[in-house]
Amino acid sequence: MRWVRPLSAGTRGTARTLGAKAHGLVLLHRLGLRVPPAFVVTTQACRAFLRDRRLPEGLDGELAAAVGGLEAATGRRFGGPRLPLAVSVRSGAGVSMPGMMDTVLNLGLTDGAAAGLAAETGDPRFALGSRLRFLSTLASALTDADGAGTAPGGAPARGDTDGQADPAGAIAALQDRIGRRLGRPVPDEAAAQLELAVGAVFSSWESPRARTYRDLHGIPHDLGTAVVVQAMVFGNRDGRSGSGVAFSRDPDTGGNTPFGEVLFGRQGDDVVSGRAATRPLRELADREPAVWAGLLDALGRIEEHYRDACYVEFTFQSGELWLLQVRPGRFVGAAAVRVATELADEGVIGRREALRRVSPHHLRHVRTPRLDPAGEADVLARGLGACPGIAVGGVATTSEAAVRMAADGPVVLVRPETSPHDMRGLAAAAGVVTARGGPASHAAVVARAMGKPAVVGVSGLSVGADWLEVGGRTLGEGGLVTVDGTGGEVALGRPRVVATAADEHLHRLLAWADDVSGDRSGRDEADRLEAARAVLGRGRRRG
């Protein structure tokens, strides 16, 4: 059995075997878009690893051969002292599990390779920072692999590597930490680092947070994850580099305008973690017009292929755009209704296909509840609405408190930012508030996936062990708040809430539904859509 497959336009295999991330990279290749060279270790290898508790026989040789392919494609040497090749090692299950498993960045930056990178770029601090990021992400992955979840002292193992006063000292400390956890020094040979990282990512499939996520979403525990190994593109290389995420349409409204976030001079991990303050995607047009033009072209090609809204993750290095991930947009509620009706208007899909794409579940979220703008809500804080809806509950400032308090009533999880280690708290909470992060941060992505109202990026919010402070006001654990995930407001108590009216897109979609069902009697919206979908289902079965 082959455990490793190079990724190209000609790669064959399903998302179940290659993982959804690798499957998306194959699509990008077929669309003629720029993708860093990569290969995938299949889900079959993960299942063998979880069964036998070791990497499957023959994988080491396949990894070496696949790395040779990356070296040939890039003109670089893995772990070499001259023109060194560094890679990312990312999980990629067959179904989306955002942030639930581990990633290792900049792998292959051994001592000699880091020195070679410094000589190549003339920027020793960039090279040290890149090696530090490698070690910090490796430490995090290994910590998760043994179930500990946090680094010694209770701090998250994955830290921000920018702004370090003493990067060399931080590197030494991380090497010591990893060495104590492994019981041996950190390998300074790139191939050994790669095998270690692949095993750690495989092990993260069994982490408590990943199991919790699968339980919540009905995902089988025996699927396993693939691992994508990809040549690094450095979003922190210089002033013309950066990283971001983009939707081809607005995920909150469904409007036909690109939406997303960008960070200049930072790596993609900083965008999705929520640790850094991101900038609106549109700023890319002014700072890097060629990158912006390339991104718009890519979004157009991908949307044309999917015949649906799409989501991409991207990095640009020294003004050159590279795409790292793609998937359909998966909009819900009013956004799903608008996208389906407008795609039908554009002739991309038919009206019947639009009806199939919108489920009765989506309609339950179309009339989004909001704080009454005419009311007198005592607004405690404002941020960015990340998932529409209203949540009312007592404040919990740790995941442990959220789980404990949820037994007695709804809670709102309030954190500086969330990480995958907060999964149990996110699952227990009715709503989420974070001080940092944007619409693509971990908190926002998971909240949308779970349908929980969320407000992120609340400026000036401080979070303590059992209290929060914002705008000169302090609220203790259990204090009642209302979260408006559409307007981005957090109010004290339980103010008046109103529901938005149905818009033209919903009226038109339901008119199409009545045309299909032939029933124009007075019924609620979900029944009208369900009747049409039943007729379409019978027609498809007869066909």
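A quick note: this is a predicted structure, and the numbers were derived from the prediction, not measured.

Colleague: Can you walk me through the sheet that holds strand E6 (residues 103-107) in this structure?
Modeller: Each strand in a sheet pairs with its neighbour through backbone hydrogen bonds, running either in the same direction (parallel) or in the opposite one (antiparallel). Read across the sheet, five strands follow the order E1-E2-E7-E5-E6 without closing on themselves; strand pairing throughout is antiparallel. The open sheet is flanked by strand E1 (4-6) and E6, the only strands paired with a single partner. Direction aside, the axes of adjacent strands within the sheet are offset by 20 degrees on average. In the sheet, strand E2 (residues 38-41) pairs with strand E7 (residues 225-231) via four bridges, with the strands oriented antiparallel. Considered in E7, the bridge of Val 41 is made with Val 227. Sheet strands in contact with helix H2 (residues 20-30) are E2, strand E5 (87-93) and E7, and its direction is about 110 degrees off that of E5. Where helix H3 (residues 43-52) meets the sheet, it contacts E1, E2 and E7, and its direction lies at approximately 120 degrees from that of E7.

Colleague: Can you help me understand helix H7 (residues 167-182) in this one?
Modeller: In an α-helix, one full turn covers 3.6 residues, which means residues spaced three or four apart are oriented alike. Between its terminal C-alpha atoms H7 stretches 22 Å, which fits the 22 Å expected from 16 residues at 1.5 Å a residue. Every buried residue of H7 is accounted for by Pro 167, Ala 170, Ile 171, Leu 174, Ile 178 and Gly 179. Looking at the residues trailing H7, positive phi occurs at Gly 183, about 80 degrees.

Colleague: It is not clear to me how the state of the cysteines should be interpreted in this structure. Could you clarify?
Modeller: By definition, a disulfide is the covalent link that joins the sulfur atoms of two cysteine residues. Applying the stated criterion to the full structure yields zero disulfides. Its sulfur unpaired, Cys 387 is 20 Å from the next cysteine sulfur, which belongs to Cys 310.

Colleague: Could you clarify how one ought to interpret the pattern of salt bridges in this entry?
Modeller: Two side chains bearing opposite charge may form a pair once their charged atoms approach each other closely. In the structure shown here, the tally under the stated rule is 34 salt bridges. A salt bridge links Arg 209 to Asp 102, with the nearest nitrogen and oxygen atoms 3.1 Å apart. Of this pair, Arg 209 sits in helix H9 (residues 208-217) while Asp 102 sits in the loop between E5 and E6; the two residues are 107 residues apart in sequence, bridging distant segments of the chain. Taken as a pair, Arg 209 and Asp 102 share a single burial class, namely buried. Between Arg 211 and Glu 206 there is a salt bridge; the shortest N-O distance is 2.7 Å. The partly exposed category is assigned to Arg 211, whose relative accessible area is 30%. Three or more residues joined by partner-sharing salt bridges are found here, namely Arg 249, Glu 303, Arg 338, Glu 342 and Glu 346.

Colleague: Help me out: how do you make sense of the packing of helix H13 (residues 333-345) against helix H19 (residues 504-517) in this one?
Modeller: How two helices pack is summed up by the angle between their axes together with the distance between the axes. At a closest axis distance of 9 Å, the pairing of H13 and H19 adopts a crossing angle of 65 degrees. Relative to H19, the element H13 lies roughly perpendicular. In terms of crossing hand, the pair formed by H13 and H19 is left-handed. Facing Val 337, Arg 338, Thr 341, Glu 342, Ala 344 and Asp 345 of H13, the residues of H19 in contact are His 505, Leu 506, Arg 508, Leu 509 and Trp 512. Residue composition of the contact of H13 with H19, grouped by class: five nonpolar, two polar and four charged.

Colleague: Please explain the sheet that holds strand E20 (residues 462-463) as it appears in this structure.
Modeller: The strand order across the open sheet built from three strands is E20-E21-E22, with neighbouring strands paired in antiparallel fashion. The open sheet is flanked by E20 and strand E22 (473-476), the only strands paired with a single partner.

Colleague: How should the environment of His 217 be read in this particular structure?
Modeller: As for its position among the elements, His 217 is in helix H9. For His 217 and Met 97, which are 120 residues apart along the polypeptide, the C-alpha to C-alpha distance reads 9.4 Å. Those residues within four positions of His 217 in sequence are excluded, and the remaining contacts are Ala 449 and Met 450.

Colleague: Any chance you could explain the side chain of Asn 106 here in plain terms?
Modeller: Within the fold, Asn 106 resides in strand E6. Given the relative accessible area of 0%, Asn 106 is considered buried. From its side chain, Asn 106 meets the backbone oxygen of Ser 130 in a polar contact 2.9 Å long.

Conventions we followed
Residues numbered from 1 in each chain as written. Predicted model: local features only at pLDDT ≥ 70, side-chain atom pairs only at ≥ 80, totals over all residues. Heavy atoms only, no water. Pairing = 2+ DSSP bridges. Helix = DSSP H or I, 4+ residues; strand = E, 2+ residues; numbered from the N terminus. Axes fitted to C-alpha atoms, helices over the stretch in contact; angles between N-to-C directions. Contact = heavy atoms within 4.5 Å. Expected span 1.5 Å × (residues − 1). Buried < 20%, exposed > 50% of the residue type's maximum accessible area, 1.4 Å probe, protein only. Disulfide = S-S within 2.5 Å. Salt bridge = Lys/Arg side-chain N within 4 Å of Asp/Glu carboxyl O. Parallel < 35°, antiparallel > 145°, perpendicular 65-115°, else oblique. Left-handed = near helix turned anticlockwise from the far one by under 90°. Nonpolar A, V, L, I, M, F, W, Y, C, P; charged D, E, K, R; others polar. Polar contact = N/O pair within 3.5 Å; in protein donor to acceptor, adjacent residues only side chain to side chain.

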